[in-house]
Amino acid sequence: MAKTIIVTGGAGFIGSNFVFLMLKEHSDYRIICLDKLTYAGNLSTLEPVMNNPNFRFVKADICDREAVYKLFEEEKPDIVVNFAAESHVDRSIEDPGIFLQTNIMGTATLMDACRKYGIERYHQVSTDEVYGDLPLDRPDLFFTEETPIHTSSPYSSSKAAADLLVLAYHRTYGLPVTISRCSNNYGPYHFPEKLIPLMIANALADKPLPVYGEGLNVRDWLYVEDHCKAIDLIIHNGRVGEVYNIGGHNEKTNIYIVKKILELLDKPESLITYVTDRKGHDLRYAIDPTKIHNELGWLPETMFDDGIVKTVQWYLDNKDWWENIISGEYQDYYERMYGDR
Ligand code: NAD
Ligand code: TYD
């Protein structure tokens, strides 16, 4: 049956990939992207679907109650998928305030709208970072949905606070919610402040590749389309009130990733520069995806060795997209973050 879905944060990395997937997989659905277009949001990313009659873009802040309610009145959505967030750990260490505002208050505002106008499903896109980190010397340990919340950064704390609020709206008001907690994503349209696109951009410019600490921290990388497919399954078949972990058993150290990128671009390892570690740097993330596999049949489709080749090629083929981004405000950010690190 045709549905109307509001996708918040759809001009960002994962949200845009989700918009593309939804329009492709559900040709009778109406997809509304609500996005504030912060530094991380790019309207040019959505260019390919702007003229699609099943798509509408609305520039608004998820914290703006009046604008959110107006959109709900106009569109009467069946489903809301909330990707909108401040998403970068380093920025949250520099200035936590906007993280609390968008990630917590914005989530509450969206859910208030869902309560007021009625909804079939509210889905919160969360992160494995709410579980904190795992030790490097215990490869047998993984995050399950039962792992206690134990956050490290202002970013992960704000995401965890939002998750608790989502579960409270379910328990208190009976709001039909689901939550997904995914590991690190990579792929097309990834904003160049994050590890993989930053290293690709710097390597192509023969600039130093700033690796925090010794580069031994471990992340569990998932190709972005696999994350989007998991959310598609959860909003349609997932059980209300449940949390689903998403990850593909693909743990790599940061230094492995950086060296792989250099190899694919045929650039020298002498570009690697070890810099001062991130404050409170999480050691290892690793997801146990048994629940989503058993309940919804989800499995990752893109293996890392293929996904990283596709991703590097995408950045080579779409230089306009990211060169435009790194020519603006990003220069100040980069200087602040890496200038005398
Ligand atoms: P992103 O930073 O690339 O995009 C965020 C988008 O949200 C941007 O388009 C931005 O303009 C928009 N936005 C920010 N504040 C807003 C506001 N107040 N109102 C409306 N729109 C606003 O982020 P991403 O990497 O695509 O992450 C999307 C979601 O997935 C986030 O909730 C993040 O916590 C979560 N997540 C990300 C990863 C990852 O590896 N990137 C992994 C797990 C979960
Ligand atoms: P990031 O892409 O910021 O994602 P997250 O912090 O959410 O996992 O960083 C991934 C890993 O790469 C993390 O351990 C920090 C490290 N990192 C660097 O070593 N250098 C960098 O310039 C960046 C941005 C990240």
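See the structure shown above.
Keep in mind the model is a prediction, meaning the values are calculated, not measured.

J.: When you look at the pairing of strand β4 (residues 79–82) in this model, what are you seeing that I'm missing?
T.: Regular strands place their side chains on alternate faces of the sheet. The alternating pattern of β4 places Ile 79 and Val 81 and Val 80 and Asn 82 on opposite faces, both of which are buried. Relative to β4, strand β1 (residues 4–8) is paired through four bridges, and the arrangement is parallel. In the sheet register, Thr 8 faces β4, and the bridge partner there is Asn 82.

J.: Help me out: how do you make sense of the pairing of strand β8 (residues 209–212) in this one?
T.: On β8, burial covers both faces: Leu 209 and Val 211 on one face and Pro 210 and Tyr 212 on the other are all buried. Taken together, the four bridges between β8 and strand β13 (residues 272–275) define a ladder with parallel strand orientation. When the sheet's bridge partners are listed, Leu 209 is paired in β13 with Ile 272.

J.: Just to check I follow, could you spell out the environment of Tyr 333 for this structure?
T.: One can find Tyr 333 in helix α12 (residues 330–338). The sequence separation of Tyr 333 and Asp 320 amounts to 13 residues, and the corresponding C-alpha distance is 20 Å. For Tyr 333, the residues in contact, after removing those within four places along its chain, are His 88, Asp 90, Arg 91 and Glu 193. Side chain to side chain, Tyr 333 and His 88 meet in a polar contact 3.0 Å long.

J.: What should I look at first to understand the site of ligand 1 in this one?
T.: Neighbouring residues of ligand 1: 28 residues in total, closest Ile 14, Asp 35, Ser 87, Tyr 155 and Lys 159. Take Tyr 155: an N or O atom from its side chain is 2.6 Å from an oxygen atom of ligand 1. Note that an oxygen atom of ligand 1 is positioned 2.8 Å from one of the backbone N or O atoms of Asn 185. Secondary-structure elements contributing two or more residues to the shell around ligand 1 are α1 (13–25), β5 (121–127) and α5 (154–173). Among the residues forming the shell around ligand 1, the class breakdown is 13 nonpolar, 11 polar and four charged.

J.: What should I look at first to understand the nonpolar core in this one?
T.: Note that soluble globular proteins tend to have their nonpolar side chains buried in a common cluster. Of all hydrophobic cores here, the largest spans 37 residues; its most connected members are Ile 196 and Ile 261. Among the secondary structure elements, those contributing two or more residues to this core are α6 (195–204), β8, α8 (254–265), β13, α10 (304–317), α11 (319–326) and α12. Beyond its immediate chain neighbours, meaning those up to four positions away, Ile 196 contacts Tyr 186, Trp 221, Ile 257, Ile 261, Ile 308 and Thr 311. Of all hydrophobic cores here, the second largest spans 32 residues; its members include Val 58, Ala 60, Ala 160 and Tyr 169.

J.: Is there a simple way to think about the packing of aromatic side chains in this case?
T.: One pass over the full model with this rule turns up 21 aromatic pairs. With centroids separated by 5.8 Å and ring planes inclined at 80°, the aromatic side chains of Tyr 69 and Tyr 117 adopt a geometry described as edge-to-face. Placement of the pair is Tyr 69 in helix α2 (residues 65–75) and Tyr 117 in helix α4 (residues 97–117), with a sequence separation of 48 residues. Its relative accessible area of 28% is what places Tyr 117 among the partly exposed residues. Taken together, the ring pairs connect Tyr 39, Phe 191, Tyr 212, Tyr 330, Tyr 333, Tyr 334 and Tyr 338 into an aromatic cluster. Here Arg 91 stacks its cationic end above the ring of Tyr 333, 4.1 Å away from the centre of that ring. Above the ring of Tyr 334, the side-chain terminus of Lys 207 is found at 4.6 Å from the ring centroid.

J.: Help me understand helix α7 (residues 224–237) in this model?
T.: Between its terminal C-alpha atoms α7 stretches 20 Å, which fits the 20 Å expected from 14 residues at 1.5 Å a residue. Every buried residue belonging to α7 is among Val 224, Asp 226, His 227, Cys 228, Ala 230, Ile 231, Asp 232, Ile 234 and Ile 235, and all of these are buried.

J.: Which parts of the structure should I look at to understand the side chain of Lys 260?
T.: Looking at the secondary structure, you find Lys 260 in helix α8. Classification of Lys 260 by relative accessible area gives buried; the value is 15%.

J.: Could you clarify how one ought to interpret a nonpolar patch on the surface in this entry?
T.: A contiguous nonpolar patch, built from Leu 136, Leu 216 and Leu 283 and spanning about 240 Å² of accessible area, is present on the exposed surface. With respect to the helices, strands and loops of the structure, Leu 216 is situated in the loop between β8 and β9 (218–220).

J.: What's the story with the site of ligand 2 in this structure? I'm lost.
T.: Taken together, 19 residues are adjacent to ligand 2, and Glu 129, Arg 219, Arg 278, His 281 and Tyr 338 come closest. Taking Leu 195, its main chain carries an N or O atom lying 2.9 Å from an oxygen atom of ligand 2. Take His 281: an N or O atom from its side chain is 2.7 Å from an oxygen atom of ligand 2. At the level of secondary structure, the elements contributing two or more residues to the shell around ligand 2 comprise α6 and β8. A class-by-class count of the residues in the shell around ligand 2 yields nine nonpolar, five polar and five charged.

J.: I tried to follow the environment of Ala 286 on my own but got confused; where do I start?
T.: Note on placement: Ala 286 falls in the loop between β13 and α9 (290–296). For Ala 286, a relative accessible area of 0% corresponds to the buried category. Measuring from C-alpha to C-alpha, the distance between Ala 286 and Asp 226 comes to 16 Å, with 60 residues separating the pair along the chain. Apart from the residues lying within four places of it in its own chain, the contact partners of Ala 286 are Leu 134, Leu 141, Phe 142, Phe 143, Asp 220 and Glu 251.

Reading the values: rules and limits
Residues numbered from 1 in each chain as written. Chains lettered and ligands numbered in written order. Predicted model: local features only at pLDDT ≥ 70, side-chain atom pairs only at ≥ 80, totals over all residues. Heavy atoms only, no water. Buried < 20%, exposed > 50% of the residue type's maximum accessible area, 1.4 Å probe, protein only. Helix = DSSP H or I, 4+ residues; strand = E, 2+ residues; numbered from the N terminus. Pairing = 2+ DSSP bridges. Contact = heavy atoms within 4.5 Å. Polar contact = N/O pair within 3.5 Å; in protein donor to acceptor, adjacent residues only side chain to side chain. Near = heavy atom within 4 Å. Nonpolar A, V, L, I, M, F, W, Y, C, P; charged D, E, K, R; others polar. Core = buried A, V, L, I, M, F, W, Y, C linked by side-chain atoms within 4.5 Å. Phe/Tyr/Trp six-rings, centres within 6.5 Å; stacked < 30°, edge-to-face > 60°. Lys NZ or Arg CZ within 6 Å of the ring centre and 35° of its normal. Expected span 1.5 Å × (residues − 1). Patch = residues over 30% accessible without salt bridge, like charges linked within 9 Å, V, L, I, M, F, W, Y side chains within 5 Å. Areas by Shrake-Rupley, 256 points an atom, 1.4 Å probe, with all protein chains shown as cover. Salt bridge = Lys/Arg side-chain N within 4 Å of Asp/Glu carboxyl O.

On their own, these measurements won't tell you what the molecule is for.
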